[in-house]
Every structure is written in C-alpha cells, then in structure tokens.
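# Overview (structure and organization)
Below, each chain spelled out in residue letters.
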Amino acid sequence: MVLTIYAPLFASSKRAVVTLVEKGVPFETVHVDLMKGEHRKPEYIAIQPFGKIPVLTDGDYKIFESRAIMRYVAEKYRSQGPELLGKTIEERGQVEQWLDVEATSYHPPLLALTLNIVFAPLMGFPADEKVIKESEEKLGEVLDVYEAQLSKNEYLAGDFVSLADLAHLPFTEYLVNEIGKAHLIKDRKHVSAWWDKISSRPAWKEVCEKYALPVHALPV
C-alpha cells in the first residue's frame, strides 16, 4: 500500500515529506488548496478533525501533525535509509528532546517572523513590527543555545543526523531566504556549519525542487 501525504507544498508538510524521501519510501501526494478552504471541507475534516495540514494515510491508517508523521515514518521504515531516531535509548532520548525544542522554542518565533514578513504583505495585512523585533530576539536566544550544543556535536542529537535536524529544514529555509535574516544563522559558526550540512542533503534538495510553495499560499 502506497502512503499518501496531503498538502505537500507547505512548510509544515515538508517535515514529513523530507523524512519520506530520506527513508526512500514511495508515496503519493494530494494537493489541498487552503485559499479555497479545502481543508475545511467534510471529506478533509474526516481525516483531520482540526482542519490542519499535513495528513498521512497508510491504507486505512491515518496520522496527522508533521512531527508525529516524521516519527511514524522513521519507526516503520527503520530498516531502510539513514537511522533517524538514534541507535540507543540514550540517542533516542536526545532526538526526542531536540524535536521538542524545535517545536516549543525554535518554531514559535520563526513562525511569527514568517507570517509577518513573508505572508502579511501577500495577504494585504500590515506587519507587526513589535512582534518582528521580539521574535527575532527570541529566536536569537534559542540559536545561542544551539550554537553551544553544536560546538560539542555535529548535529543536534549527537554526531548523527536525525529527525531533530530535519524538522528545522522547512522554516529555516524561509529564515535564510524569504525572511531575509540569514545572519541569525550565518553569524553563529557552528549553527552555520550545521545548516550548510543539513540543507545540502540530497533529500532536502529534492523536496525543494519538487514541492515549491506557490507565492499566493499560506503556511500552516
């Protein structure tokens, strides 16, 4: 049974997509047009009751939330592709820890920057300069912690690439490009080296080439 990922073009969905590509798992995609409200239609709510993206279906099995999908794919296809969960319980603990850091400390200020700098102008909304300033400061503080961690390890969870690293790819891509704040990455020696390594992985390059986000679309 081929897996199906819904709304692959959006940044949050790309966490799941890059995991599938890294693990060499065949999958199909279904476009979900957020601008037309397709994520609020009954047939979509039937598989994602909150009307969010992405969703992965595996036969009759359904799972949503991008990081949960990452974990599911990495566990189910653990025997193929790179080991993205760690080889020991201690390594797995570090992977889970840094996945949580990404979700709770790194992502919120970066999402605020994305919405205010990239998408507010496209939607005709004024950017909140106070939020932009505060979010950049918060993200800088988080990246200072990353700099210390990456001075000791090649990747966040240790000296192996993991889901914790891959989870950062989609929105950090915004940060260094559309948001125009690459200095937050480049001004930190170890963070910059880490970003260069993970963003140059063939799987991520493939995702960027095949699943480019339309400029009129909103991230979720």
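Note: the structure precedes this text.
Report on the accompanying structure. Throughout this document, residue positions are counted from 1 along each chain, in the order its sequence is written. Local features in a predicted model are, by the rule used here, given only for residues with pLDDT of at least 70; side-chain atom pairs are given and counted only at 80 or more, and totals for whole chains, interfaces and linings are based on all residues. The basis for the side-chain values is all heavy atoms of the structure; hydrogens and waters are excluded.

### Thoughts on the packing of helix H7 (residues 169–176) against helix H9 (residues 189–199)
Counted only if it meets this: Comment: axis = line fitted to C-alpha atoms, over the contacting stretch for helices; angle = value between 0 and 180 degrees taken between N-to-C directions. The secondary structure listing takes helices from DSSP runs of H or I that are at least 4 residues long and strands from runs of E that are at least 2 residues long, numbered from the N terminus. Crossing handedness is read from the near helix: turned anticlockwise from the far helix by less than a right angle, it gives a left-handed crossing, and turned clockwise, a right-handed one. Between two residues, a contact is recorded if the distance between any of their heavy atoms is within 4.5 Å.
Running from amino to carboxyl end, H7 crosses H9 at an angle of 115 degrees, the nearest separation of the two axes being 11 Å. Classified by chirality, the crossing of H9 by H7 is left-handed. Counting all contacts with H7, which are made through Leu169, Thr172, Glu173 and Val176, the residues of H9 involved are Trp195, Ile198 and Ser199.

### Remarks on the packing of aromatic side chains
As a reminder, the rule being used: Ring pairs shown here join Phe, Tyr and Trp side chains whose ring centres sit within 6.5 Å, with only the six-membered ring taken for Trp; geometry is labelled stacked below 30 degrees between planes, edge-to-face above 60, and tilted in between. Partly exposed describes any residue whose relative accessible area lies between the buried limit of under 20% and the exposed limit of over 50%, with all areas from a 1.4 Å probe on protein chains only and scaled to the type maximum.
One pass over the full model with this rule turns up 9 aromatic pairs. Taken together, a centroid distance of 6.1 Å and an interplanar angle of 75 degrees make the contact between Tyr146 and Trp194 edge-to-face. With Tyr146 in helix H5 (residues 129–150) and Trp194 in helix H9, the pair connects residues that are 48 residues apart, well separated along the chain. The pair Tyr146 / Trp194 is uniform in exposure class, with both members buried. Ring pairs connect the aromatic residues Trp98, Tyr106, Tyr146 and Trp194, which therefore count as one cluster.

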